[in-house]
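# What the coordinates show
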Amino acid sequence: MKKSLLIFSIIILTILSSCRSTKTSSESGQYDPTEASSLNDRFTDLTAQYDDWKDVTLSMKVSLISPKSITVSGKAYMTRDKSLSLSLRFLGMEVVAVYITNDSVFAIDRMNKRYIAESIEQLAKICPITVNDIQDLLLGQAFLIEKGTMTKSMAKQVKLSALDTQSWVIEPKKAPELFAYAFAANMANQITALAVEKDGKAIAGCEYSQHTSTKAGTVAQQADFTISKGSQPVQASIKWDFGSAKWDTGNERTWTTPNGYKRITLTQLIESLPLK
C-alpha cells in the first residue's frame, strides 16, 4: 500500500476537521509520539468511549454541496448490526427512501416512481462492508470492516502512529483487497477523519466534528463526506439531531415493495443521478 498519500489525506482532513471542532481535550495537548504506550492508552480510551445500543431513531439534515447544492431533511432508523432505514423529505414529502440489511439493499425514488432491490452479495465484491460498519461510518466511530466497532481487544489488529502532537492515526493492519483506509483521532481520542485510497489515489474521505456523548457513547453530530468522481468531487454533509434521538425503543423498520414502480439496477440509478 502506498502509505504516503493515505497519510497525506488523513493530515488534510484532520486539519480541516480541527478548524471546526467545538470540543477540546481537558489534557495539556502534548504527548510523546515515540512512546507506543501513550498511543496504546489513547486507543484504549477511544474504544472505551463506545457503548452498546439496540436501536435509534434520529432526525437529520442531508446536504449535497458539490457538484450541485440541495438540502433535505429526514429520519434515520437504525437497528444495531441488523438494518438501516433512511427517509429523505423535501417540502414535507418523502422523495427518497433507503433500506439496508446485511443481505440486501433497497431504495425508492418516489419522484420518478422507480426502485432498486439488490443482493448485498454483489456489492460486497466491491466493498465488504456490513450494516454495523455503515452505522459506525455515519456516527463517526472507528471500526474494522466486517469485524465491527473497534474495541480494546482489537489493538493487535491495528497500527497506531502519530501525525503530530495534536493528532494520531489508526490504520488496520489488514485492509480489504480493493482499497485501504485509516482513521485520524484528536487529543480527546475522538475520531476526526476517515481516509480511503485505492491504487495510491485518494478516492473518498470524511471529516467528523461536533462530538457529543449519547447512548452509543461518543459520536459526531456532523459528518462531511467527499468522494472523488472525475474532475469534480461529490461532497455531501449529514447533520444529526441527537437532542431528539430515541434510543432502544424496539422501533424496527421493514421493507415493502412499492406498487406501480419500475425496478431498475443500482448501476442504472447511479448513472441517472444529476451529479454533473
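Rules of the game
Residues numbered from 1 in each chain as written. Predicted model: local features only at pLDDT ≥ 70, side-chain atom pairs only at ≥ 80, totals over all residues. Heavy atoms only, no water. Phe/Tyr/Trp six-rings, centres within 6.5 Å; stacked < 30°, edge-to-face > 60°. Helix = DSSP H or I, 4+ residues; strand = E, 2+ residues; numbered from the N terminus. Buried < 20%, exposed > 50% of the residue type's maximum accessible area, 1.4 Å probe, protein only. Lys NZ or Arg CZ within 6 Å of the ring centre and 35° of its normal. Contact = heavy atoms within 4.5 Å. Polar contact = N/O pair within 3.5 Å; in protein donor to acceptor, adjacent residues only side chain to side chain.

### Section: the packing of aromatic side chains
Going through the model one piece at a time under the given rule, you end up with eight aromatic pairs. Residues W53 and W247 carry aromatic rings whose centres are separated by 5.8 Å and whose planes lie at 80° to one another, so their mutual orientation is edge-to-face. Here W247 lies in strand 15 (residues 234–247) and W53 lies in the loop between helix 2 (36–48) and strand 1 (55–66), a separation of 194 residues in the sequence. Residue W53 shares its accessibility class with W247, and that shared class is buried. A centroid spacing of 6.2 Å and a plane angle of 20° characterise the contact between F143 and Y181, whose relative ring orientation is stacked. Within this pair, whereas F143 is found in strand 7 (residues 143–144), its partner Y181 is found in strand 11 (residues 180–185), the two being separated by 38 residues in sequence. By relative accessible area, F143 is classed as buried at 3%. On the basis of relative accessible area, Y181 is assigned to the buried category, the value being 4%. Connected via pairs of aromatic rings, a cluster forms that spans Y99, F106, Y115 and W255. The ring of Y77 carries R253 above its face, with NZ or CZ at 3.9 Å from the centroid.

### Some details on the environment of T71
Tracing the backbone shows T71 in strand 2 (residues 70–79). Relative accessible area serves as the criterion here: at 44%, T71 is assigned to the partly exposed category. Measuring from C-alpha to C-alpha, the distance between T71 and K61 comes to 6.9 Å, with ten residues separating the pair along the chain. Apart from the residues within four sequence positions on either side, T71 is in contact with V62, S63 and F90. A polar contact is formed between the side chain of T71 and the side chain of S63, at a distance of 2.9 Å.

On their own, these measurements won't tell you what the molecule is for.
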